[in-house]
Amino acid sequence: MITKFDSSYVGSVDLENPGYGGTPINDRHYPNQELASVLHKAVAYAKQMDTRGYDTFWMAEHHFQPEGTECIPNLLMMALHLAGVTKNLRIGCGFNVVPMWHPLRLAEDYAMADVLTGGRVIFGVARGYHTREVESFGAPLTDQAANRELFEEGVDIVFKAFNEERFSHKGTNYTIPPAVPYRGYTLKDITLVPRPLRLPVECWQPIQSGSERAFDFMAKHGISGVIGGGSAEGGAVDKHMTAFQAAYARRGIKLELGERLSLGFQFFIAENREAAMRAAGKYYEENMKMFGELRLVRALSDEQIAAMRDPRLAATTKLPRIEDAVKAGGFLAGTPADIIEQLKAVEKRYPGLDRVSCGMALGTPLAVALEQLDRFANEVMPAFRTVRAAAAE
């Protein structure tokens, strides 16, 4: 039963001239003042969601993007600020890119956020997908095997730091602590100070390829998973749901289908489905221009990706349209009743699913996004709260 509604914001400016026929992403370059404005946009999102009864506001960690697409470099700093200007909203790290962090620094920073916000900051981990970001921090990404190894070792260390009062680690990339003299003895172990007060730490991770190795690693640490956001619709969702469930079962943990998972959707509410698709279509296309290039939409061909860089080629190339996403189920468009119907079908299909994240496509203007968040809270969410209240009686 869906009981929790989240939304997300990756930190984009209000993009002008959007869509396949609009400004190519590589031609966008915004002044620092406009890039910095996304931090204030995040505040506006969080305040709107806090007063409308949303559960968690998810943000993404990204770096070095003068194109104005993803401009929040430190989620824990942002989350700490947002917790101070809201009352009930949880702030989700979606996600901390572990290979770009020293794991001890990441563990310390999250622990401080947990303590200072009373547990309102939710931890999240990911491997990264921008070579410009990950490689610039001295970590591998073009070498995917090395990236996965560094990610897994980093997460192992983070959870040791969270869960063990004294710990040590010796691996491929890290030896913690180093065997150095300190106050008359040789270091053999260390303690994270402070550790999080809420244990076990709730942790989330995005699901992309959905390999057995990835799911087994998530189950090992009790990590929950986020599927979707427009890039994993239809059969891919079914496949990930069952594989995630199976990985937990291999560790002796029985989950209902959809339990410990969140489904991500983009949405737009209007007087009918066609009007919603017209209003959101160009921003959906901007989303594809951004994420398709980075191979997060696996069905795209090299020809399609090249066309997304050039409006002249886009005009003559068959490219994904918002109509395709609506049909596949990754984009919720139409009246509130239409969206309720679609989410009720998802709820029925995955009985263990209790959380969905519904947000706007990349570059949607702030005023539009706030109006949509308001409508979703007032016209969609009550249909699920009524059922929840009745079930509790």
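Given the structure is predicted, the values throughout are model-derived calculations rather than measurements. (Residues numbered from 1 in each chain as written. Predicted model: local features only at pLDDT ≥ 70, side-chain atom pairs only at ≥ 80, totals over all residues. Heavy atoms only, no water.)

**Thoughts on the packing of helix α12 (residues 336-349) against helix α13 (residues 366-379)**
Okay, so step 1: The contact between α12 and α13 brings their axes to 10 Å, and the two run at 65°. By the angle between their axes, α12 is roughly perpendicular relative to α13. Our pair here, α12 against α13, has a crossing hand that is right-handed. Here Pro336, Ile339, Ile340 and Leu343 of α12 lie close against α13, whose contacting residues are Arg375, Phe376 and Glu379.
Okay, so step 2: Along the lines of polarity and charge, the residues of the contact of α12 with α13 split into five nonpolar, no polar and two charged. (Axes fitted to C-alpha atoms, helices over the stretch in contact; angles between N-to-C directions. Helix = DSSP H or I, 4+ residues; strand = E, 2+ residues; numbered from the N terminus. Parallel < 35°, antiparallel > 145°, perpendicular 65-115°, else oblique. Left-handed = near helix turned anticlockwise from the far one by under 90°. Contact = heavy atoms within 4.5 Å. Nonpolar A, V, L, I, M, F, W, Y, C, P; charged D, E, K, R; others polar.)

**Re the pattern of salt bridges**
Okay, so step 1: Under the counting rule described, the total for this entry stands at 24 salt bridges.
Okay, so step 2: Notably, a salt bridge pairs Asp55 with Arg90, separated by 3.2 Å at the nearest N-O pair. Of this pair, Asp55 sits in the loop between α1 (32-52) and β2 (56-59) while Arg90 sits in strand β3 (residues 90-93), and the two are 35 residues apart along the sequence.
Okay, so step 3: On the accessibility criterion, Asp55 (21% relative accessible area) is partly exposed.
Okay, so step 4: Among the residues examined, Arg90 registers a relative accessible area of 18% and is labelled buried.
Okay, so step 5: Residue Glu379 pairs with Arg375 through a salt bridge whose shortest N-O separation is 2.9 Å. Of the two residues, Glu379 and Arg375 are both situated in helix α13; the distance of four residues between them amounts to about one turn of the helix. (Salt bridge = Lys/Arg side-chain N within 4 Å of Asp/Glu carboxyl O. Buried < 20%, exposed > 50% of the residue type's maximum accessible area, 1.4 Å probe, protein only.)

**Examining the side chain of Arg148**
Okay, so step 1: Assignment of secondary structure puts Arg148 in helix α5 (residues 144-163).
Okay, so step 2: Judged by its relative accessible area of 15%, Arg148 falls in the buried class.
Okay, so step 3: Excluding its chain neighbours within four sequence positions, the residues that come into contact with Arg148 are Arg127, Ser211, Arg213 and Ala214.

**With respect to the packing of aromatic side chains**
Okay, so step 1: Using the criterion set out here, one finds 19 aromatic pairs in the structure.
Okay, so step 2: With 6.2 Å between their ring centres and 40° between their planes, Trp58 and Phe95 make a pair best called tilted. One end of the pair, Trp58, is in strand β2; the other, Phe95, is in the loop between β3 and β4 (96-97), and 37 residues separate them in sequence. In this pair, the class of Trp58 matches that of Phe95, namely buried. (Phe/Tyr/Trp six-rings, centres within 6.5 Å; stacked < 30°, edge-to-face > 60°.)

**Quick word on helix α2 (residues 75-85)**
Okay, so step 1: Burial in α2 covers these residues: Leu75, Leu76, Met78, Ala79, Leu82 and Ala83. One side of α2 carries all its buried residues, which in axial view fall inside an arc of 155°. Residues Met77 and Gly84 are exposed on α2 and point more than 90 degrees away from its buried face.
Okay, so step 2: Tucked inside the fold, the buried residues of α2 contact α1, β2, β3, β4, α3 (103-117) and β5 (121-126).
Okay, so step 3: For α2, the N-terminal cap is Asn74; the gap from its side-chain oxygen to the backbone nitrogen of Leu76 is 3.2 Å. (Arc of directions from axis to C-beta. Polar contact = N/O pair within 3.5 Å; in protein donor to acceptor, adjacent residues only side chain to side chain.)

**Some words on the pairing of strand β13 (residues 331-334)**
Okay, so step 1: Alternating residues of β13 divide into Phe331 and Ala333 and Leu332 and Gly334, and every residue in both groups is buried.
Okay, so step 2: Here strand β12 (residues 261-269) pairs with β13 via four bridges, running parallel. Residue pairing across strands places Phe268 opposite Ala333, the latter belonging to β13. (Pairing = 2+ DSSP bridges.)

**Some details on the pairing of strand β14 (residues 355-359)**
Okay, so step 1: Of all five residues that make up β14, five are buried, and the element is covered over most of its length.
Okay, so step 2: A two-sided burial pattern is seen for β14, the buried positions comprising Arg355, Ser357 and Gly359 on one face and Val356 and Cys358 on the other.
Okay, so step 3: The pairing of strand β1 (residues 4-9) with β14 spans three bridges and is parallel. Looking at β14, one finds that Asp6 is bridged to Ser357.
Okay, so step 4: Of the strand pairs in this sheet, β12 and β14 are connected by four bridges, and their pairing is parallel. The residue bridging Gln266 from the neighbouring strand is Gly359, located in β14.

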